[in-house]
Amino acid sequence: GERRNPQRQRDKKIILSYSYVAIWIFLSFTVIVYNKYILDKKLYNWPYPITLTMIHMSFCSTLAILLIKVFKLVEPVSMSRETYLRSVVPIGALYSLSLWLSNSAYIYLSVSFIQMLKALMPVAVYSIGVLLKKESFKSDTMTNMLSISLGVAIAAYGEARFDVFGVFLQLGAVAFEATRLVLIQILLTSKGINLNPITSLYYVAPCCLAFLFIPWIYVEFPVLRDTSSFRFDYVIFGTNSLCAFALNLAVFLLVGKTSALTMNVAGVVKDWLLIAFSWSVIKDTVTPVNLFGYGVAFLGVAYYNHAKLKGLKAKEAQKKVQQGDEEGGRLLEVREGGDGEGKKNESAN
């Protein structure tokens, strides 16, 4: 039985990884289609993206506060006020902008076209990484980014329901989201602050809510106040918020238990599923030019992920070699200099 065990563990790990991927794809898919359903004028017809995002954030903050403060199921992260203001607040601000704009885009664009525009995410993350000196500029990576952008441009050219304002909203959302991802690395990860999904919602969601309140007062509150027809549909908004909360957890499980690369690959699968769903069920028009453009962008993204993975593997291999050298060196030191010397050398290391 000894030999079979590692194999069984490996199988278990693979099955778990696939389960996380499946759960994430399902939830992400559900949240996108559900949000589209609520916001679209032809469907549920409730076009208030800021309010919808605020409902999500209130729900997520409440649940996170309950889990941390009341039920004490999750340990809070110790963080000074200064760190909170410098690190969490800018991330919360960017998150609120990206959610506001991406939810607004559902009013103007089809689900399939939104997914195609989202293929620009690696381009935005890389460009902002270079601007903020987190990534080094490489001409071949830039060429790859241009090919992704070209693909998205072709898809946009072939879009049947092209709406300039909608595209502007979605591209803005991508830019803010990419900046947020780069800032998480600079402001949190580099300082050794690692937030799990509950703690990150606990810190970021209330902050996000506060930021959304400002545009809400001016943009949506007056309209909502004057429409008497609205009654708060607890079933619709409750289940929608629950899906949004579950999606946050799933993202964490996926990144924490697998890798960011798995997440990217899963994202591509989800995009194709959404495009198919959007075309077959919601009856959005998906043109051949759309698909060709998205195909080009998709190949660019796949190539980028492949190159990144190769880079990571090379780094890991290098680390192993270095560790091996260091250990070999230490053994020599201990042998040559007798015990006393060896200890001194080790403490110097």
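Numbering of residues starts from 1 in every chain and runs along the sequence as written. Only residues with pLDDT of at least 70 are given local features in this predicted model, and only at 80 or more are side-chain atom pairs given and counted; all residues enter the totals for whole chains, interfaces and linings. Hydrogens and water molecules were not included; the side-chain quantities draw on all heavy atoms of the structure.

Brief notes about the overall build of the chain
Alright, step 1. Looking only at helices and strands, the chain has twelve helices and zero strands in total.
Alright, step 2. Helix numbers and strand numbers start at the N terminus; a helix is a DSSP run of H or I with at least 4 residues, a strand a run of E with at least 2. Ordering the α and β elements of the chain from the N terminus gives α-α-α-α-α-α-α-α-α-α-α-α.
Alright, step 3. Every one of the 349 residues in the chain was classed for burial, and the buried ones make up 41%.
Alright, step 4. Throughout, a residue-residue contact means that at least one pair of heavy atoms, one from each residue, lies within 4.5 Å. The long-range fraction of contacts in the chain, counting pairs at least 24 apart against all pairs at least 6 apart in sequence, stands at 83%.
Alright, step 5. Computed with the Shrake-Rupley method and a 1.4 Å probe, the accessible areas treat only the protein chains shown as cover for residues. Roughly 19,900 Å² of accessible area belongs to the chain as shown, and the carbon and sulfur atoms make up 65% of that amount.
Alright, step 6. Positive charges are assigned to Lys and Arg, negative charges to Asp and Glu, while His and the chain termini are left out of the count. Think of each charge as sitting on NZ of Lys, CZ of Arg, CG of Asp or CD of Glu. Averaged over its 35 positive side-chain charges, the chain has a centre that lies 4 Å from the centre of its 24 negative ones. When accessible area is computed with a 1.4 Å probe and restricted to protein chains, residues below 20% of their type maximum are described as buried, those above 50% as exposed, and intermediate ones as partly exposed.

Considerations on the state of the cysteines
Alright, step 1. Disulfide assignment relies on a single distance test, namely cysteine sulfur atoms paired within 2.5 Å. By the definition in use, this model includes zero disulfides.
Alright, step 2. This cysteine, Cys243, is not joined by any disulfide, and Cys60 carries the nearest cysteine sulfur, 11 Å off.

Structural notes on helix H6 (residues 139-157)
Side chains three or four residues apart in an α-helix point the same way, a direct result of the helix having 3.6 residues per turn.
Alright, step 1. Here, expected helix span is obtained from the residue count minus one, scaled by 1.5 Å. Taking 1.5 Å of rise per residue, the 19 residues of H6 would be expected to cover 27 Å, and the 27 Å separating its terminal C-alpha atoms lies within 8% of that figure.
Alright, step 2. Listed as buried for H6 are Thr141, Asn144, Met145, Ile148, Gly151, Val152, Ala155 and Ala156. Down the axis of H6, the smallest arc covering the buried residues is 140 degrees, so these residues share one side. Away from its buried face, by an angle of more than 90 degrees, H6 presents the exposed residues Ser139, Asp140, Thr143, Leu146, Leu150 and Tyr157. An arc is given here, and it is the one of the directions from the helix axis to the C-beta atoms.

Topic: a nonpolar patch on the surface
Alright, step 1. Side chains of Phe213, Ile214, Ile217, Tyr218, Val219 and Phe221 sit close together on the surface and give an oily, nonpolar patch of about 590 Å² of accessible area.
Alright, step 2. With five residues, helix H8 (residues 197-219) is the largest single contributor of residues to the nonpolar patch.
Alright, step 3. Along the chain, the position of Tyr218 falls in helix H8. Residues qualify for a patch when their relative accessible area is over 30% and they have no salt bridge, like charges being joined within 9 Å and the nonpolar side chains of Val, Leu, Ile, Met, Phe, Trp and Tyr within 5 Å. The working definition used for a salt bridge is a side-chain nitrogen of Lys or Arg within 4 Å of a carboxyl oxygen of Asp or Glu.

Examining helix H3 (residues 81-108)
Alright, step 1. Between the first and last C-alpha of H3 there are 40 Å, a value that for 28 residues agrees with the 40 Å anticipated at 1.5 Å per step.
Alright, step 2. Its axis deflected by about 35 degrees at Val88, H3 carries its strongest bend there, up to four residues before the proline Pro90. Each residue is assigned a bend, namely the angle between axes fitted to the seven residues that terminate at it and the seven residues that start at it.

Some thoughts on the pattern of salt bridges
Alright, step 1. Under the counting rule described, the total for this entry stands at five salt bridges.
Alright, step 2. In this structure, the salt-bridge partner of Asp40 is Lys36, at a minimum N-O distance of 2.7 Å.
Alright, step 3. Here Arg180 and Glu177 are joined by a salt bridge, their closest N and O atoms 2.9 Å apart. Taken together, the residues Arg180 and Glu177, both in helix H7 (residues 164-188) and three residues apart, mark about one turn of the helix.
Alright, step 4. In this structure Glu177 comes out as buried when scored by relative accessible area, which is 16%.

Notes on the packing of helix H5 (residues 121-131) against H6
Alright, step 1. In this analysis, axes come from line fits to C-alpha atoms, helices being fitted only over the stretch in contact, and the angle between any two N-to-C directions falls in the range 0 to 180 degrees. With their axes 9 Å apart at the nearest point, H5 and H6 run at an angle of 145 degrees to one another. Our pair here, H5 against H6, has a crossing hand that is left-handed. Taking contact as the criterion, the partners of Pro122, Val123, Tyr126 and Ser127 in H5 are, on H6, Thr141, Met142, Met145, Ile148 and Ser149.
Alright, step 2. Considering only residue class, the contact of H5 with H6 consists of six nonpolar, three polar and no charged. By definition, any crossing whose near helix is turned counterclockwise from its far helix by less than a right angle is left-handed, and any crossing with a clockwise turn is right-handed. When residues are sorted by character, Ala, Val, Leu, Ile, Met, Phe, Trp, Tyr, Cys and Pro go into the nonpolar class, Asp, Glu, Lys and Arg into the charged class, and all the rest, Gly among them, into the polar class.

Side note on the packing of helix H4 (residues 111-118) against H6
Alright, step 1. It is at 9 Å that the axes of H4 and H6 come closest, and there the two elements cross at 160 degrees. Classified by the interaxial angle, the pair formed by H4 and H6 is roughly antiparallel. The handedness of the crossing between H4 and H6 comes out as left-handed. Contact residues: H4 offers Phe113, Met116 and Leu117, while H6 offers Val152, Ala155 and Ala156.
Alright, step 2. Tallied by class, the residues present in the contact of H4 with H6 amount to six nonpolar, no polar and no charged. Between 65 and 115 degrees an angle is taken as roughly perpendicular, under 35 as roughly parallel, over 145 as roughly antiparallel, and anywhere else as oblique.

What about the environment of Val111?
Alright, step 1. Structurally, Val111 is set in helix H4.
Alright, step 2. The sequence separation of Val111 and Ile282 amounts to 171 residues, and the corresponding C-alpha distance is 8.8 Å.
Alright, step 3. The contacts of Val111, once residues within four sequence positions are left out, are Ile32, Lys36, Leu274, Ser278, Ile282 and Asp284.

Focus: the environment of Ala302
Alright, step 1. Position of Ala302 among the secondary structure elements: in helix H12 (residues 288-348).
Alright, step 2. For the pair Ala302 and Leu171, spaced 131 residues apart in sequence, the C-alpha to C-alpha distance is 21 Å.

A closer look at the confidence of the model for the chain
Alright, step 1. Looking at the chain as a whole, its pLDDT mean stands at 86, while 93% of the residues score no less than 70.
Alright, step 2. Predictor confidence is given residue by residue as pLDDT, running from a minimum of 0 to a maximum of 100. Here residues 341-349 is a poorly scored stretch, pLDDT under 50, and it has seven contacts once near neighbours within four places are set aside; other chains count.

Digging into the nonpolar core
Nonpolar side chains in soluble globular proteins tend to end up buried together.
Alright, step 1. Counting 83 residues, the largest nonpolar core has Trp24 and Trp46 as its most contacted members.
Alright, step 2. Of all the elements, helix H1 (residues 4-39) adds the most residues to this core, at twelve residues.
Alright, step 3. Think of a nonpolar core as a cluster: buried Ala, Val, Leu, Ile, Met, Phe, Trp, Tyr and Cys residues, connected wherever their side-chain atoms sit within 4.5 Å. If you look at the next biggest cluster of nonpolar residues, it comprises five residues, including Ala124, Ile128, Val174 and Ala178.

Describing the packing of aromatic side chains
What characterises a pair of aromatic rings is the spacing of the ring centres plus the angle enclosed by the ring planes.
Alright, step 1. Pairing of aromatic rings covers Phe, Tyr and the six-membered ring of Trp, with a centre-to-centre limit of 6.5 Å; geometry is then stacked below 30 degrees between planes, edge-to-face above 60, and tilted otherwise. In total, this model carries 14 aromatic pairs according to the counting rule given.
Alright, step 2. When the ring of Phe59 is compared with that of Phe245, the centres are 6.5 Å apart and the planes differ by 80 degrees; the resulting orientation is edge-to-face. Separated by 186 residues along the polypeptide, Phe59 in helix H2 (residues 49-70) and Phe245 in helix H10 (residues 234-257) bring together distant segments of the chain.
Alright, step 3. On the basis of relative accessible area, Phe59 is assigned to the partly exposed category, the value being 26%.
Alright, step 4. Phe245 sits in the buried class, given a relative accessible area of 7%.
Alright, step 5. Taken together, the ring pairs connect Tyr37, Tyr44, Trp46, Tyr48 and Phe237 into an aromatic cluster.
Alright, step 6. In this arrangement the basic side chain of Lys41 is found over the ring face of Tyr108, its NZ or CZ atom lying 5.9 Å from the centre. Only lysine NZ and arginine CZ atoms are considered, and such an atom sits over a ring when it is within 6 Å of the ring centre and within 35 degrees of the ring normal.

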